[in-house]
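Fold and contact review
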Amino acid sequence: MDFSQAKSRAEELSKLLHKYNHEYYMNDQSLVSDQEFDHLMEELISLESLFPELKTPDSPSQRVGGTINKAFETVAHSTPMLSLANTYSEEELIEFDKRVAKGLEGQNYEYVCELKFDGVAISLQYENNTLVRAITRGDGTKGDDITDNAKTIRSIPLRIDSPLPRLEVRGEVFMPKAVFEKLNKERAEADEELYANARNTASGSLKMQDSTQVAKRKLDCYLYMLLADGHESHEEALDKMVQWGFNVSKTYQKCSSIQEVIKYIENWDEKRHTLPVETDGIVIKVNSLEQQNLLGFTAKTPKWAIAYKYKAESACTQLKSITYQVGRTGAITPVAELEPVLLAGTTVKRASLHNANEIERLDLHENDFVFVEKGGEIIPKVTGVDILQRKQNTHQVKYITACPACRTALIRKEGEAAHYCPNTEHCPPQITGRIEHFIHRNAMDIDSLGERTIQLLFEQGWLNRPSDLYKLTYDQLIQLEGFKELSVNNLLNGIEQSKKAPFEAVLFGLGIRFVGKTVAEKLIEHFENIDALMSASFEELVGIQEIGERIAASVISYFEIEDNRKEIERLKEAGLNFVTTVHTKASSSLEGLTFVISGVFNNYGREELKKLIKSHGGKVVSSISKNLDYLVAGDKMGPAKKDKAEKLQVRIISEEDFESLLSN
Ligand code: IVH
């Protein structure tokens with residue numbers, strides 16, 4: 001292919017990809033399958049790498065990232081990015097309306113109401129209809145140039161269709177609720193610390209140095225302000241923005257009086273929870289630009305606009321008791337057991353109390369009435385105590401001093417807020433917690449074993465450490481109540497299959513503090529077997545990118561413990577993988593194909609099968625969609641999965657079919 005052919009194909013691809021992207025993000029329309037989209041994108045990327053001149057700043061290939069920003073350049077805003085004054089009540093809104101009326105000296109006026117999206121403000125500059133710069137709010141007068149990162153946000157157009165040579169728009173970048181929940185679920189499964197809320201996560205994501213990582217965060221953006229000439233009202237500006245290709249939320253509304261504004265606020269109070277984005281209020285703006293100018297600004301905020309903040313979702317209920325959970329690391333978490341109460345659409349019975357400091361800060365007494373809140377966070381928390389409802393002669397809550405499970409005196413490690421039970425070896429929830437972690441899907445993936453069976457085996461005295469799993473026999477298990485030949489064989493088979501789990505999964509399964517799935521994968525890239533890792537020095541560990549001092553210290557101290565080393569010996573003897581399998585690519589025979597695997601297989605463990613697919617160029621996903629190529633079905637596949645696959649006409653293949661697919 002010569003340059004001119006490549007150029008015309010690249011242009012064609014760009015046009016198509018822009019169109020598909022626009023329809024998908026602005027109009028909720030999928031014109032092509034994800035696979036077809038990725039395919040075209042890959043073709044464009046390869047043309048651009050062949051002829052780098054083809055890589056324009058507005059090429060759709062910018063969506064996938066690929067640039068590293070060591071530090072973001074600070075740039076000045078064309079006009080300051082102001083904030084809004086807040087109001088919390090109808091009375092305050094009426095006051096605002098009076099000020100507007102007074103400022104406009106008897107003129108008629110209208111408002112435009114919008115939702116207040118809880119994200120990070122951004123400013124986008126376009127020249128000749130191409131996005132040239134994206135800047136964060138910063139201190140309002142200058143912010144960070146995060147253009148490369150912003151380009152990965154698919155609802156930010158790289159190219160627009162306006163008659164103006166240059167223009168600027170402003171809006172809010174956010175992480176959709178569903179994306180945030182999924183991200184946190186994955187982090188929980190990988191034993192990584194959870195993100196507090198969607199807003200902070202969006203803000204952190206925008207400032208990541210590697211734009212490829214930003215692309216994976218699936219951020220979204222609504223625009224709500226146009227800085228350009230040629231329109232007379234805010235409503236007109238919003239209309240134009242939509243016409244030119246910007247993503248404007250359809251939730252705005254023109255109101256001709258403050259009473260109508262109040263209705264809008266009431267209307268969205270509950271309904272806003274159904275939106276994909278977190279919102280914390282309403283923004284009310286005078287519609288006419290001429291009137292906006294007339295009203296002007298205070299030092300920090302416009303006088304023609306105001307925010308109304310909804311009250312944080314909170315409820316008051318009585319504390320019944322406090323329970324203390326013991327995690328697998330021995331950390332104690334206090335949990336408030338509450339009289340059930342309705343909060344933001346769900347019934348809340350329990351709320352986190354975090355640690356002893358928090359209980360002290362709240363000055364919590366037995367049977368107190370407490371306020372619970374659900375912010376952007378997932379778990380509701382106790383935010384305060386209603387002193388007025390406190391009965392006389394109640395006692396202050398006393399934090400436990402002994403482990404609720406094994407009665408050992410608790411300790412507090414220096415610099416940590418949590419109390420710990422130091423009885424690592426014999427404390428029951430720590431033992432069963434470690435085993436639950438060991439069999440987790442991201443570790444040994446033994447799904448024939450659940451929490452209840454672990455408890456049962458522990459009570460029998462047969463299961464005190466992961467290696468005991470590999471000593472269980474048919475004769476033992478068949479004695480257990482509720483266990484039949486089939487379930488025993490199933491369990492034993494699951495345990496046997498787990499021996500095929502790759503080294504990184506075993507390493508994660510050991511439950512070394514701070515060694516989640518990602519860290520385990522990083523470690524095995526450097527240490528090809530457990531002996532190498534065990535003899536690594538602190539300096540060697542921190543020398544690895546992404547391994548900090550906290551992780552390194554934790555790894556070192558784990559291997560210093562004699563019991564841990566003995567357990568590794570036992571697991572080695574049981575036949576587990578403590579050596580990396582080769583990373584090289586076997587073939588490209590499954591290139592471009594996506595798979596879901598489900599059920600139990602005869603010749604492979606699930607992780608092993610996943611690796612096999614990947615090593616032949618295929619992709620493994622977890623949920624069934626119409627774009628899926630194959631569902632590889634093992635024994636005992638869930639009926640729901642099967643139904644869904646049939647409905648969407650996804651090909652369901654057996655283990656044998658898969659093997660022949662591979663050999664073809
Ligand atoms: S207009 C001069 N509209 O709220 C007025 N802001 O406290 C500029 N925000 O920094 C803001 N949704 O980050 C406006 N529909 C909306 C908004 C909105 C969220 C944020 C924005 C701004 C902050 C003001």
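Coordinates for the structure precede this section.
What this report covers is the structure whose coordinates are included nearby.

Here is what the cut-offs are and how they apply
Residues numbered from 1 in each chain as written. Predicted model: local features only at pLDDT ≥ 70, side-chain atom pairs only at ≥ 80, totals over all residues. Heavy atoms only, no water. Near = heavy atom within 4 Å. Polar contact = N/O pair within 3.5 Å; in protein donor to acceptor, adjacent residues only side chain to side chain. Areas by Shrake-Rupley, 256 points an atom, 1.4 Å probe, with all protein chains shown as cover. Helix = DSSP H or I, 4+ residues; strand = E, 2+ residues; numbered from the N terminus. Nonpolar A, V, L, I, M, F, W, Y, C, P; charged D, E, K, R; others polar. Contact = heavy atoms within 4.5 Å. Salt bridge = Lys/Arg side-chain N within 4 Å of Asp/Glu carboxyl O. Buried < 20%, exposed > 50% of the residue type's maximum accessible area, 1.4 Å probe, protein only. Pairing = 2+ DSSP bridges. Axes fitted to C-alpha atoms, helices over the stretch in contact; angles between N-to-C directions. Phe/Tyr/Trp six-rings, centres within 6.5 Å; stacked < 30°, edge-to-face > 60°. Core = buried A, V, L, I, M, F, W, Y, C linked by side-chain atoms within 4.5 Å. Parallel < 35°, antiparallel > 145°, perpendicular 65-115°, else oblique. Left-handed = near helix turned anticlockwise from the far one by under 90°. Disulfide = S-S within 2.5 Å.

Once that is clear, we can look at the site of the ligand. Looking at the ligand, there are 13 residues lining it, with E114, L115, F117, E172 and Y224 nearest. Within the backbone of F117, an N or O atom sits 3.1 Å from a nitrogen atom of the ligand. Contact distances for the ligand include 3.4 Å between an oxygen atom and a side-chain N or O atom of Y224. Protein contact buries 90% of the 520 Å² of open area that the ligand shows by itself. Going through the elements one at a time, β3 (111-117) and β10 (279-286) are the ones with two or more residues in the shell around the ligand. Ranked by residues supplied to the shell around the ligand, first place goes to β3 with 4 residues. Among the residues forming the shell around the ligand, the class breakdown is 8 nonpolar, 1 polar and 4 charged.

A few words on the environment of M444. Along the chain, M444 falls in the loop between α12 (428-438) and α13 (451-459). When the C-alpha atoms of M444 and L507 are compared, they prove to be 9.6 Å apart, with 63 residues separating the residues in sequence. Setting aside residues up to four positions removed in sequence, M444 forms contacts with F438, I439, Y470, S498, A501, A505, V506 and L576.

Before going further, it helps to examine the pattern of salt bridges. In this structure the tally under the stated criterion is 28 salt bridges. We note a salt bridge from K98 to E95, for which the minimum N-O separation is 4.0 Å. Here K98 and its partner E95 are both found in helix α3 (residues 90-103), 3 residues apart, which amounts to about one turn of the helix. A salt bridge links K182 to E186, with the shortest nitrogen-to-oxygen separation between them at 3.5 Å. In this pair, K182 and E186 are both assigned in helix α5 (residues 177-189), 4 residues apart and thus about one turn of the helix distant. A residue is classified by how much of its surface remains accessible, and E186, at 42% relative accessible area, is partly exposed. Linked through salt bridges whose partners overlap, the residues forming this network are R9, E12 and E43.

Right, let's talk about the sheet that holds strand β8 (residues 220-227) for a bit. The 4 strands lie next to each other as β5-β4-β7-β8, forming an open sheet whose pairing is antiparallel. Of all the strands in the sheet, the pair left with one neighbour each is β5 (130-136) and β8. Taken pair by pair, the neighbouring strands of this sheet meet at an average axis angle of 30°, ignoring direction. For strand β7 (residues 166-174) and β8, the ladder comprises 7 bridges, and the chain directions are antiparallel. Each residue of the ladder has a partner; that of V169, found in β8, is L226. Running over the sheet, helix α8 (residues 234-244) touches β7 and β8 and is turned about 130° from β8.

Attention now moves to the packing of aromatic side chains. For the structure on display, the rule yields 15 aromatic pairs. Ring geometry for Y109 and Y111: centres 5.6 Å apart, planes at 75°, overall edge-to-face. By relative accessible area, Y111 is classed as buried at 1%. With centroids separated by 6.0 Å and ring planes inclined at 90°, the aromatic side chains of F595 and F658 adopt a geometry described as edge-to-face. Placement of F595 in strand β19 (residues 594-598) and of F658 in helix α24 (residues 655-663) is noted, with a sequence separation of 63 residues between them.

Among the nonpolar cores identified, the biggest contains 52 residues, and L469, Y470, L507 and L523 are the most heavily contacted of them. Every element with two or more residues in this core is listed here: α12, α13, α15 (485-498), α16 (503-509), α17 (517-526), α18 (530-534), α20 (549-560) and α21 (562-574). Setting aside its immediate chain neighbours within four residues, L469 contacts F438, I439, I446, L449, L463 and I495. Core analysis: the next-biggest nonpolar cluster, separate from the first, contains 35 residues, A134, I156, I160 and L219 among them.

If you trace the 5 strands from one edge of the open sheet to the other, you get β2-β11-β10-β3-β9, paired in mixed fashion. The outermost strands of the open sheet, each flanked by one partner alone, are β2 (86-87) and β9 (253-255). With 7 bridges joining them, β3 and β10 adopt antiparallel strand pairing. Within the sheet, the bridge partner assigned to K116 lies in β10 and is G281.

At their nearest, the axes of α12 and α13 sit 10 Å apart, and the two run at 130° to each other. Comparing their axes, α13 and α12 come out oblique. Taken as a pair, α12 and α13 cross one another with a handedness that is right-handed. Note on element contacts: α13 touches α12 through E451, I454, Q455 and F458, opposite P428, I431, T432, I435 and E436.

Our focus in this paragraph is the state of the cysteines. One pass over the structure, following the stated rule, counts 0 disulfides. Counting only cysteine sulfurs, C421 is the nearest neighbor of C406, a cysteine outside any disulfide, at a range of 3.6 Å.

Among the residues of α12, those classed as buried are Q430, I431, T432, G433, I435, H437 and F438. Taken together, the buried residues of α12 touch β12 (314-326), α13, α16 and α21.

Before going further, it helps to examine the environment of Y420. Following the sequence through the fold, Y420 ends up in strand β18 (residues 419-420). Classification of Y420 by relative accessible area gives buried; the value is 4%. For the pair Y420 and T408, spaced 12 residues apart in sequence, the C-alpha to C-alpha distance is 9.8 Å. Apart from the residues within four sequence positions on either side, Y420 is in contact with T329, G330, A331, I332, L410, I411, K413 and R513. Within the structure, Y420 has its side chain in polar contact with the side chain of R513 (distance 2.9 Å).

What follows covers the pairing of β19. Of all the 5 residues making up β19, 5 are buried; the element is thus mostly covered by neighbouring parts of the structure. Covered by surrounding structure in β19 are T594, V596 and S598 together with F595 and I597, the residues of both alternating faces. Two strands pair when backbone bridges link them, and β19 and strand β20 (residues 619-620) are joined in this way by 2 bridges, in the parallel orientation. Bridge assignment links F595 to a residue of β20, and that residue is V620. Of the strand pairs in this sheet, β19 and strand β21 (residues 630-633) are connected by 4 bridges, and their pairing is parallel. Pairing of S598 across the sheet is with A633, part of β21.

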